[in-house]
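# Architecture and fold: a report
If you want the building blocks of each chain, they are given just below.
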Amino acid sequence: MIKNDKYEVVIGLEVHAQLLTKSKLFCGDSAAFGAAPNTHISPITLAHPGTLPKMNKQAIEYAVKLGLALHCEIEQQNYFARKNYFYPDLPKGYQVSQHTTPICKSGTVRIKTGDTERHIRLNRIHMEEDAGKSLHDVDENYTAIDLNRAGVPLLEIVSEPDLHSSEEAFAYVTELRRLVRWLNICDGNMEEGSMRCDANISIRLKGETKLGTRVEVKNLNSIRNVKRAIDVEVNRLIDIVESGEKVIQQTRSYDADNNTTFSLRSKEEADDYRYFADPDLTPFNITDEFLQQVKNALPALHEELEKKYISVFNLPVYDAQVICGDKLLVDFFEATIQHTNHYKAVVNWLMGPVKSYCNDRGIDLSDFPLTPEKISALIKLVDEGKVNFSIASSKIFNALLVDPRKEPLHIATTLNLLQESDTGSVAVWVDEVIAKMPEKVKEYKSGKKGLIGLFVGEVKKLSKGKADMNLVNKLLAEKLN
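Residues numbered from 1 in each chain as written. Predicted model: local features only at pLDDT ≥ 70, side-chain atom pairs only at ≥ 80, totals over all residues. Heavy atoms only, no water.

## So, the layout of surface pockets
Filter applied, for reference: Think of a 1 Å grid over just the protein atoms. A cavity is a set of points where a 1.4 Å probe fits yet cannot get out, a pocket is an open set with protein on both sides within 12 Å along at least five of seven lines, and lining residues have an atom within 4 Å of a point. Grid points are joined across faces, edges and corners, and a volume is the space filled by probe spheres set on the points. Each helix is a run of DSSP H or I of at least 4 residues and each strand a run of E of at least 2, with the numbering of both proceeding from the N terminus. When residues are grouped by polarity, Ala, Val, Leu, Ile, Met, Phe, Trp, Tyr, Cys and Pro land in nonpolar, Asp, Glu, Lys and Arg in charged, and all others, Gly among them, in polar.
By volume, the second largest pocket amounts to about 790 Å³. Thr174, Arg177, Arg178, Gly325 and Asp326 are the residues nearest the centre of the second largest pocket, which is lined by 26 residues in total. For the lining of the second largest pocket, the secondary-structure elements that each account for two or more residues are strand S7 (108–113), helix H2 (166–182), helix H5 (302–311), helix H6 (317–323) and helix H7 (327–336). Of the residues forming the lining of the second largest pocket, the biggest block, seven residues, is contributed by H2. Among the residues forming the lining of the second largest pocket, the class breakdown is nine nonpolar, four polar and 13 charged.

Structural data, given as structure tokens:
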């Protein structure tokens, strides 16, 4: 919560997304997460004299993919520069990055906060290599260095200072994470460091046009912490200005345990990095043909699919938004509707039994054991009146999970679960229920029409769930009236 509403908050975000390439940006060392320290390294990663880097083509493809999805202008003539600064976990003593020719320029990210929709402008998206990792809790006397991450390809996504609240920043990072996952170019796992966020924050009096002195809060490792850190820092800046002091441009870090920020160093300017073209890497040209290939391979984006699901499939807005919130859900939904046109039923299964199963086991949809064909077969059983949804979603679904090779109809037949739709048989159950509840029949006939649910429930219980409920309702209405 901001202490004083006479100030306007101005925020620009720098989001680093680690690309899902198998190898590093300039060598064949594995880029996989989680290996033992210093096992994904080679003379190139370690920057030994005489070693030469070689460009990872897939990293370029992923960068272009994201740029196209965000409506960026793609820079076809590219080169890499050396960004000179020293960190103990940067083996070269410089970072290979892009400076004057970012691979993507401009573009926008659409965000929604409440009922408000805005398009946040992007300044650039550029490629660079990651640094290694310094570990301060391995040895009490020394800092340990793990260089597995050194050289892993990153995209740095830099926004314009268009965000004006922590809520907007939260929505922006959430949307970016959804998009990189949707495109399958980054897993978006902020806790593992594969997506990180730096926030540039300043304040100014409302109505002012000149930007205030900014501070940068580095390496925010969760979307929740992005929001919390911005709120903390904004209030700190307001306190400084209100007390008549001057804001110092600096780089800060966020301590999530006590919800405070602290200074790391005074902020460097671009001149301090002494950029120059890397002499070991030749400039590269993105051809029109390559650009078209990437464009043709782009999946339909969630905004487009949401509109289609609402207008063509007549799904409720909420359902369309939930399905389109996750690419795995979309893929499963799309695969299932190849076998059924009961779109709402597919959504009900995905948001109900399927989601519950995955949540209970802490797995995602890629590990769900049943195929879309099996889910569509369950839907067909219900649509044809052979079983009701309750039986299908509890008994048959659970039996399928035990042995996914079986067919739903076979399970329903074997377990004697097929719904009884014969009018004569159902009428016997209805008559028996009516006969044993004469007082309730009188109450119903005297105007308590809500009792119909009681009769339906008793028939369901008597038939052990096998009676066709549509037929039950019809016969009860006829006999009671």
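On we go.
## Overview of the environment of Ala229
The criterion, for reference: Burial classes: relative accessible area under 20% of the type maximum marks a residue as buried, over 50% as exposed, and values in between as partly exposed (1.4 Å probe, protein chains only). Every residue pair with non-hydrogen atoms within 4.5 Å of one another is taken to be in contact.
For Ala229, the location among the structural elements is in helix H3 (residues 223–242). Here Ala229 falls in the buried class, since its relative accessible area comes to 0%. Each residue touching Ala229, except ones within four places of it in the same chain, is listed here: Val217, Leu220, Tyr254 and Thr261.

## Looking at the environment of Ser311
Our working definition: Side-chain atoms alone can form a polar contact between residues adjacent in sequence; in general such a contact is a pair of N or O atoms within 3.5 Å, and within protein one must be able to donate a hydrogen while the other accepts it.
With respect to the element layout, Ser311 can be found in helix H5. Take Ser311: its relative accessible area is 53%, and that puts it in the exposed class. One polar contact links the side chain of Ser311 to the main-chain carbonyl oxygen of Lys307, over a distance of 2.7 Å.

## What about the side chain of Glu168?
Mapped onto the elements, Glu168 comes out in helix H2. In contact with Glu168, not counting residues within four places along its chain, are Ile111, Thr113, Arg118, Asp162 and Leu163.

## A look at the nonpolar core
Stated precisely, the cut-off is as follows: In this description, a nonpolar core means a group of buried Ala, Val, Leu, Ile, Met, Phe, Trp, Tyr and Cys residues linked to one another through side-chain atoms lying within 4.5 Å.
Counting 70 residues, the largest nonpolar core has Val64, Leu66 and Tyr172 as its most contacted members. Among the elements that line this core, the one with the most residues is H3, at nine residues. Setting aside chain neighbours within four positions, we find Val64 in contact with Ile74, Ile103, Ile286, Phe290, Leu291 and Val294. One finds Leu305, Ala320, Leu329 and Leu401 within the second-largest nonpolar core, a separate group that totals 38 residues.

## Let's talk about the packing of H2 against H5
The criterion, for reference: Angles here are taken between N-to-C directions and fall from 0 to 180 degrees, while the axes themselves are lines fitted to C-alpha atoms, restricted in helices to the stretch in contact. The scheme is simple: roughly parallel for angles under 35 degrees, roughly antiparallel for over 145, roughly perpendicular for 65 to 115, oblique for anything else.
Two elements in contact, H2 and H5, have axes separated by 11 Å at closest approach and are oriented at 90°. The angle between the axes of H2 and H5 places the two elements in the roughly perpendicular class. Taken together, the residues of H5 that come into contact with H2 (itself represented by Glu175, Arg178 and Trp182) are His302, Leu305 and Glu306. Of the residues assigned to the contact of H2 with H5, the class counts are two nonpolar, one polar and three charged.

## Some thoughts on empty space enclosed by the protein
The final tally for this structure, using the stated rule, is one cavity of 30 Å³ or more. Roughly 120 Å³ of volume is contained in the largest cavity. What lines the largest cavity is a set of 14 residues, and nearest its centre among them are Ile44, Thr45, Lys92, Glu129 and Gly151. Tallied by class, the residues present in the lining of the largest cavity amount to eight nonpolar, two polar and four charged.

## Re the pairing of strand S15 (residues 260–266)
Applicable threshold: In this scheme, strands are said to pair when DSSP sees at least two bridges between them.
Bridging between strand S14 (residues 250–255) and S15 involves six bridges; their strand directions are antiparallel. The residue bridging Thr251 from the neighbouring strand is Arg265, located in S15. Hairpin geometry of S14 and S15 is characterised by an intervening segment of four residues between the two adjacent antiparallel strands and by a positive phi of about 55° at Asn259.

## Focus: helix H1 (residues 57–69)
As a reminder, the rule being used: Helix span, as expected, comes to 1.5 Å for every residue beyond the first.
Here H1 is 13 residues long and its end C-alpha atoms lie 19 Å apart, about the 18 Å a rise of 1.5 Å per residue gives. Across the 13 residues of H1, ten count as buried, placing the element largely inside the fold. A side-chain oxygen of the first residue of H1 lies 3.0 Å from the backbone nitrogen of Gln58; this N-cap is Asn56. Looking one or two residues beyond H1, the residue adopting positive phi is His71, at roughly 65°.

## A look at the packing of helix H14 (residues 452–462) against helix H15 (residues 469–480)
Spelled out, the test is: In this scheme the crossing of two helices becomes right-handed for a clockwise turn of the near helix relative to the far one and left-handed for an anticlockwise turn of less than a right angle.
Closest axis-to-axis distance for the H14/H15 pair is 10 Å, and the angle between their directions is 125°. Taken together, the axes of H14 and H15 are oblique relative to one another. When the axes of H14 and H15 are compared, the crossing they make is right-handed. Contacts between H14 and H15 pair Ile452, Phe455, Val456, Val459 and Lys460 from the former with Met469, Val472, Asn473, Leu476 and Leu480 from the latter. In terms of residue class, the contact of H14 with H15 is built from eight nonpolar, one polar and one charged.

## Section: unusual backbone geometry
Here the phi dihedral of Ser106 falls at roughly 60°; this positive angle occurs in a residue that is not glycine. Residues other than glycine seldom take positive phi values, yet Asn416 does so here, at roughly 55°.

## Side note on the side chain of Lys374
Relative to the helices and strands, Lys374 is located in helix H9 (residues 372–383). With relative accessibility at 11%, the residue Lys374 sits in the buried group. When near neighbours in sequence (up to four residues on either side) are disregarded, Lys374 contacts Leu400, Pro404, Arg405, Lys406, Glu407 and Pro408.

These results come straight from atomic positions and should not be treated as a statement about function.
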